Each structure stands twice: as C-alpha cells, then as structure tokens.
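# Understanding the architecture of this molecule
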Amino acid sequence: MSRAELTPIDTDLRLAVLTPLRETNAVHKAELTLGLLADLPFDCHAVIADPGDIPGRPEQPILVSHTSLKAKPLNTPEGRALLLHAIAHIELNAIDLALDVVWRFSGMPEDFYRDWVRIAQEEAKHFLLLQRHLVGMGFDYGPFPAHNSLWDMAERTKGDILARIGLVPRTMEARGLDASPGVKNKLISAGDLAAGRILDIILQDEIGHVAAGNRWYRYVCQERGLD
C-alpha cells in the first residue's frame, strides 16, 4: 500500500492498531496485524477515546470457565488438536493484549509503542502457524471451547501500565516460557514433529517479549521512583 492510499486512521500507528484489535474474524485479525505499517508516525501523548467493541471476538470458540476445560490423550488426533487449539487461543489473545497496550496507554516513549506493535505481529505469526497446522490436521481454530482468563487480566489492568506489564509479559508470558519445553516434548512424543517446530519458533519470540516486558517495567518503575 502506498502512502497516497492510506486512510486517515492508517496515518497514525496508535489509531491503526484499533482496526485489527476490533476485527472479529480470528484469521483476519492476525493478517491485519501483520499488515500494520510499523514505521507510521504517531503521537505518544495523545489520549485516544475507547471506541468500544474491544476486543473483536469470533463467534467461536465458546468461552467457558478454565476449570471446565478437559484435556484428551495426546496419542489421538483430537487430543493433540485440543492442545494446539488452546495454544492458538492464547496467541490470539496475545495479539489483542499487545495491540491494546499501543492505543490505551499514552505518554510512553516512541520505542515502547513500536516494541508492542512488533510483539503483536509476532503473536499474529504464531497464531497463523498454529491455525494452519490445525487445518492440516483436519481441524481449525474455533470448534473447541476456550477460556477468557487472558483478557480478564487485560480488563483488570487497563487503568495502569505498570500493572499491565507486570502481569502480562512478566508473569503470564514468563509462565508460558517455563511450560513450553514440556508441551513441546509431549507433542513430539506423540509424533507431531511439525508442532514441535512451531513451539520452538514461539519460544524464541516469547523470550524477547518477556525481555521487552522487563525493560519497560523497569522504565516505568524508574519514572515513578519505585524500587
């Protein structure tokens, strides 16, 4: 897309992220995120009004309590699909979480916003890798139930950037790093080598996401005079 073809909302990066964030089709959300022009200018200090409908969600999966989700043996195609579907759901939520930071929180340095656009694009890549693998197995993203715990965390931390960074990249994503090798080994043991390779890609990117969370957490602590 040339600069001349950009619409007004697409000439400001912090406004542009609202388009994929509000998109209800999961694959389109990921594709729109990958299509964001990360070098667009923007105003770090602009306070953007909440447009509503955040985040855009597909009709499926049905969201239920995490305690009601049941695993199945990984030696069955459905068992592996359930696990990969759960990971894909996490990655889709991670797109929304990263995009939400960009428009919601004002007054941070320019590199902060560009970091989170990059992170959102990496989460979009992860989601599409998993979704396409599910399709190759004869499944897709959506048919299995999922939980809403990740976005619940976004709601609880929407008033404070320090809480958001502390609890999402530095806690939830860090836990994902701890769990990833074990999940990968289970999938490989069940014969799904392609899924193991996808998890390797995700793991390497997520290390960078946690590092970015640490960097900006320390920045906000320093700005507020906190230890």
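Up top is the structure.
Right, let's walk through the structure included here.

Criteria and cut-off values
Residues numbered from 1 in each chain as written. Predicted model: local features only at pLDDT ≥ 70, side-chain atom pairs only at ≥ 80, totals over all residues. Heavy atoms only, no water. Helix = DSSP H or I, 4+ residues; strand = E, 2+ residues; numbered from the N terminus. Buried < 20%, exposed > 50% of the residue type's maximum accessible area, 1.4 Å probe, protein only. Contact = heavy atoms within 4.5 Å. Areas by Shrake-Rupley, 256 points an atom, 1.4 Å probe, with all protein chains shown as cover. Lys, Arg positive; Asp, Glu negative; His and termini not counted. Charge placed at Lys NZ, Arg CZ, Asp CG, Glu CD. Axes fitted to C-alpha atoms, helices over the stretch in contact; angles between N-to-C directions. Parallel < 35°, antiparallel > 145°, perpendicular 65-115°, else oblique. Left-handed = near helix turned anticlockwise from the far one by under 90°. Nonpolar A, V, L, I, M, F, W, Y, C, P; charged D, E, K, R; others polar. Phe/Tyr/Trp six-rings, centres within 6.5 Å; stacked < 30°, edge-to-face > 60°. Salt bridge = Lys/Arg side-chain N within 4 Å of Asp/Glu carboxyl O.

Let's shift gears to the overall build of the chain. Looking only at helices and strands, one finds eight helices and zero strands in the chain. Along the chain, from the amino end to the carboxyl end, the secondary structure elements read α-α-α-α-α-α-α-α. Each of the three principal axes of the chain carries a C-alpha extent, and together these read 50 × 45 × 30 Å. Counting the 227 residues in the chain, one finds 45% classified as buried. For the chain, the proportion of contacts with a sequence separation of at least 24, taken over those separated by at least 6, is 83%. Carbon and sulfur atoms make up 55% of the accessible area of the chain, which totals about 11100 Å². Averaging the coordinates of the 24 positive side-chain charges in the chain and doing the same for the 31 negative ones gives two points 5 Å apart.

So, on to the environment of Ile 48. Secondary-structure assignment places Ile 48 in the loop between helix H3 (26-34) and helix H4 (77-104). A residue is classified by how much of its surface remains accessible, and Ile 48, at 17% relative accessible area, is buried. When sequence neighbours within four positions are dropped, the list of residues in contact with Ile 48 reads Arg 14, Leu 15, Leu 18 and Trp 103.

The N-to-C vectors of H4 and helix H7 (residues 161-189) enclose an angle of 160°; their axes lie 12 Å apart at closest approach. Here H7 runs roughly antiparallel to H4, going by the angle between their axes. The element H4 and its partner H7 pack so that their crossing is left-handed. Across the interface between the two elements, Arg 80, Leu 83, Leu 84, Ile 87, Leu 97, Asp 100, Val 101 and Arg 104 from H4 touch Ile 161, Arg 164, Val 168, Val 183 and Leu 187 from H7.

Running from N to C, H7 and helix H8 (residues 193-224) cross one another at 160°; their axes reach a closest spacing of 8 Å. Considered as vectors, H7 and H8 are oriented roughly antiparallel to each other. Crossing angle aside, the handedness with which H7 passes H8 is left-handed. Of the residues contributing to the contact of H7 with H8, the split by class is 19 nonpolar, six polar and six charged.

What follows covers the packing of aromatic side chains. Under the counting rule described, the total for this entry stands at seven aromatic pairs. Between Phe 112 and Trp 216, the aromatic rings sit 5.3 Å apart at their centres with planes inclined by 90°, giving edge-to-face as the arrangement. With Phe 112 in helix H5 (residues 110-136) and Trp 216 in helix H8, this residue pair connects regions lying 104 residues apart in the sequence. Trp 216 matches Phe 112 in its accessibility class, with the two residues each being buried. Among the aromatic residues, those joined into a ring-pair cluster are Phe 42, Phe 112, Tyr 113, Trp 116, Trp 216 and Tyr 219.

Quick look at the pattern of salt bridges now. All chains considered together, the criterion is met by 13 salt bridges. In this structure, Arg 114 engages Glu 110 in a salt bridge whose closest nitrogen and oxygen atoms are separated by 3.1 Å. Here Arg 114 and its partner Glu 110 are both found in helix H5, four residues apart, which amounts to about one turn of the helix. A relative accessible area of 22% places Arg 114 in the partly exposed class. The partly exposed category is assigned to Glu 110, whose relative accessible area is 40%. One salt bridge in this structure joins Lys 184 and Asp 200, with 2.9 Å as the shortest N-O distance. Of the two residues, Lys 184 sits in helix H7 while Asp 200 sits in helix H8, which places them 16 residues apart along the sequence. Three or more residues joined by partner-sharing salt bridges are found here, namely Asp 115, Arg 118, Glu 122 and Arg 215.

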